[in-house]
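The chain contents come next:
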Amino acid sequence: MLRALVTSLLFSALPAFAASFDCRVTGIANGDTFSCLDASGEHVRVKLAEIDTPELRQPYGSQARQALASYIFGKTVTLTAKGRDDAERTLARVRAGDSEINSELVRTGNAWANRGHLDDRALLNLEAVARELGRGLWSLPKADQLPPWEWREQQRSSR
């Protein structure tokens, strides 16, 4: 209980400073969201900061989910928390060993740099190279390369 209170207070202070902690990945929701257990056994839902991946029902969505799983599922990762999103998920940059997962997903064409929430401008360069080389989602027909934020807006509009 005390750990949850301290964690809550810590996150309420973000982004004034970034908290780093380790957790063991227990589930992959989609290409940029997963669940893990921290050192005290608390369940943490994580959204990878500064990137966005295709939704599961979108072209390349299941491939993006599988890519994230291949990097982190069942592993202990280090989160550098940047705050929380509207869904109360921890926004974080994620490291697994020597790999920075947010950047790796963009570099391999499994994610977009999220222009609306971008601190690391290098992600734009990684995305441009992936696009140029036709990696991952950039190998899809142009019509299927719809950014997920536009796809979600289309889904809301069609309801």
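Residues numbered from 1 in each chain as written. Predicted model: local features only at pLDDT ≥ 70, side-chain atom pairs only at ≥ 80, totals over all residues. Heavy atoms only, no water.

**Some remarks on the state of the cysteines**
Item 1. Counted according to the given criterion, the structure contains 1 disulfide.
Item 2. A disulfide bridge connects Cys23 with Cys36, and the sulfur atoms are separated by 2.2 Å. Judged by the sign of its S-S torsion, about -80 degrees, the cystine formed by Cys23 and Cys36 is left-handed. Of this pair, Cys23 sits in strand E1 (residues 19–30) while Cys36 sits in strand E2 (residues 33–38), and the two are 13 residues apart along the sequence. (Disulfide = S-S within 2.5 Å. Helix = DSSP H or I, 4+ residues; strand = E, 2+ residues; numbered from the N terminus.)

**Description of the packing of aromatic side chains**
Item 1. Inspection of every chain in the model, using the stated rule, returns 2 aromatic pairs.
Item 2. With a centroid separation of 5.5 Å and 70 degrees between ring planes, the pair formed by Trp112 and Trp138 is classed as edge-to-face. On the criterion of sequence distance, the pair formed by Trp112 in strand E8 (residues 112–113) and Trp138 in the loop between helix H4 (122–133) and helix H5 (148–157) is long-range, its members being 26 residues apart.
Item 3. Taking relative accessible area as the criterion, Trp112 reaches 3% and is therefore assigned buried.
Item 4. Geometrically, the ring pair formed by Trp112 and Trp149 is edge-to-face, given 6.3 Å between the ring centres and 70 degrees between the ring planes. Taken together, the residues Trp112 in strand E8 and Trp149 in helix H5 connect sequence positions 37 residues apart. (Phe/Tyr/Trp six-rings, centres within 6.5 Å; stacked < 30°, edge-to-face > 60°. Buried < 20%, exposed > 50% of the residue type's maximum accessible area, 1.4 Å probe, protein only.)

**Some details on the side chain of Glu100**
Item 1. Within the secondary structure, Glu100 is located in strand E7 (residues 99–100).
Item 2. Setting aside chain neighbours within four positions, we find Glu100 in contact with Arg93, Val94 and Arg95. (Contact = heavy atoms within 4.5 Å.)

**Topic: the environment of Val77**
Item 1. You can see Val77 is positioned in strand E5 (residues 76–84).
Item 2. By relative accessible area, Val77 is classed as buried at 1%.
Item 3. The residues contacting Val77, other than those within four sequence positions of it, are Phe21, Asp22, Cys23, Val25, Phe34, Ile72, Val94, Arg95 and Ala96.

**With respect to the confidence of the model for the protein**
Item 1. The share of residues in the protein with pLDDT of 70 or more is 89%, and the mean pLDDT across the chain is 90.
Item 2. Within the model, pLDDT remains below 50 along residues 1–17, and this stretch shows 15 contacts once partners closer than five positions in the same chain are excluded. (pLDDT = per-residue confidence, 0-100.)

**With respect to the pattern of salt bridges**
Between side chains of opposite charge, pairing is possible as soon as their charged atoms come close.
Item 1. By the definition in use, this model includes 13 salt bridges.
Item 2. Taking the shortest distance from any N to any O, the salt bridge between Arg152 and Asp52 comes out at 2.6 Å. Placement of the pair is Arg152 in helix H5 and Asp52 in strand E4 (residues 51–52), with a sequence separation of 100 residues.
Item 3. The closest approach of N and O atoms between Glu104 and Arg107, which form a salt bridge, is 2.5 Å. You can see Glu104 and its partner Arg107 sitting in helix H3 (residues 101–107), 3 residues apart, about one turn around the helix.
Item 4. Ionic contacts of the salt-bridge type, sharing partners, join the residues Glu50, Lys82, Arg93, Glu100, Asp119 and Asp120 into one network. (Salt bridge = Lys/Arg side-chain N within 4 Å of Asp/Glu carboxyl O.)

**Side note on the nonpolar core**
Item 1. One finds Phe34, Ile72, Val77, Leu79 and Val94 to be the most contacted residues of the largest nonpolar core, which totals 27 residues.
Item 2. Within the residue set of this core, elements represented by two or more residues are E1, E2, strand E3 (43–48), helix H2 (61–72), E5, strand E6 (90–96) and H3.
Item 3. Tyr60, Ala64, Trp112 and Trp138 belong to the second-largest nonpolar core, a separate cluster that totals 6 residues. (Core = buried A, V, L, I, M, F, W, Y, C linked by side-chain atoms within 4.5 Å.)

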